[in-house]
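This is what each chain is made of:
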Amino acid sequence: QVQLVESGGGLVQAGGSLRLSCAASGSAFIFNVMGWYRQAPGNQRELVTTITSGGSTNYADSVKGRFTISRDNAKNTVYLQMNSLKPEDTAVYYCYTRATRRTGPVEYINWGQGTQVTVSS
């Protein structure tokens, strides 16, 4: 069983910063990929950023240069530092992992329950 616990969402003014955290539990799993998707009202859920266990990252074009993803493998925790926030960043942010058991190659997709990020102008 895998649990994803998100924290760090909230209300911030444009130009401000927030730091999101997502802690994954499950000692039997290797968290190959961790990251975030986001979904604004009326929009499809979109990929924001991911990071592999080896530190390779991907970012949506809309957040490049402003957001930074990192992870602490010892704690199975991923962080998202969001700077220079814009109103269009307002969305529910969902933590995401792709995990495998140490005993085999089957991949498990896990989702957090979401945390609201609201950026006011």
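Please refer to the structure higher up on the page.
Predicted model, so just to flag it, every value in this text is computed and none were measured.

Criteria and cut-off values
Residues numbered from 1 in each chain as written. Predicted model: local features only at pLDDT ≥ 70, side-chain atom pairs only at ≥ 80, totals over all residues. Heavy atoms only, no water. Helix = DSSP H or I, 4+ residues; strand = E, 2+ residues; numbered from the N terminus. Rg over C-alpha atoms; globule rule 2.2 N^0.38 Å. Buried < 20%, exposed > 50% of the residue type's maximum accessible area, 1.4 Å probe, protein only. Areas by Shrake-Rupley, 256 points an atom, 1.4 Å probe, with all protein chains shown as cover. Core = buried A, V, L, I, M, F, W, Y, C linked by side-chain atoms within 4.5 Å. Salt bridge = Lys/Arg side-chain N within 4 Å of Asp/Glu carboxyl O. Pairing = 2+ DSSP bridges. Axes fitted to C-alpha atoms, helices over the stretch in contact; angles between N-to-C directions.

Caption draft 1: Representation of the overall build of the protein chain in the model. Helices and strands together make up the secondary structure of the protein chain, namely zero helices and eleven strands. Counting from the amino terminus, the protein chain carries its helices and strands in the arrangement β-β-β-β-β-β-β-β-β-β-β. Relative to the compact-globule value of 14 Å for 121 residues, the protein chain shows a C-alpha radius of gyration of 14 Å, a close match. With the C-alpha coordinates aligned to their principal axes, the bounding extent of the protein chain is approximately 50 × 25 × 20 Å. Among the 121 residues that make up the protein chain, the fraction classed as buried is 40%. If you sum the accessible surface of the protein chain, you get close to 6,500 Å²; carbon and sulfur atoms cover 46% of it.

Caption draft 2: Summary view of the nonpolar core. Among the nonpolar cores identified, the biggest contains 27 residues, and Trp 36, Phe 67, Val 78, Leu 80, Met 82 and Tyr 93 are the most heavily contacted of them. Elements that contribute at least two residues to this core include exactly strand S3 (18-25), strand S4 (29-39), strand S5 (46-52), strand S7 (67-72), strand S8 (77-82), strand S9 (91-101) and strand S11 (115-120).

Caption draft 3: Quick look at the pattern of salt bridges. Enumeration over the complete set of coordinates arrives at five salt bridges. The salt bridge partner of Lys 64 is Asp 61, with a shortest N-O separation of 3.1 Å. Here Arg 66 ties to Asp 89 by a salt bridge, and the two come within 2.8 Å at their closest N and O atoms. Here Asp 89 lies in the loop between S8 and S9 and Arg 66 lies in the loop between strand S6 (57-59) and S7, a separation of 23 residues in the sequence. Asp 89 gets classed as buried once you look at its relative accessible area, which sits at 1%. Through salt bridges with shared partners, one network takes in Arg 38, Glu 46, Arg 66 and Asp 89.

Caption draft 4: Quick peek at the sheet that holds strand S1 (residues 3-7). Strand order across the open sheet formed by four strands is S1-S3-S8-S7, with antiparallel pairing between neighbours. Each edge of the open sheet is held by one strand with a lone partner, namely S1 and S7. Ignoring which end each strand starts from, the neighbouring axes of this sheet average 15° apart. Alignment of S1 against S3, held across five bridges, turns out to be antiparallel. In the sheet register, Gln 3 faces S3, and the bridge partner there is Ser 25.

Caption draft 5: Summary view of the side chain of Thr 50. Residue placement: Thr 50 occurs in strand S5. According to the relative accessible area criterion, Thr 50 is buried, its value standing at 12%.

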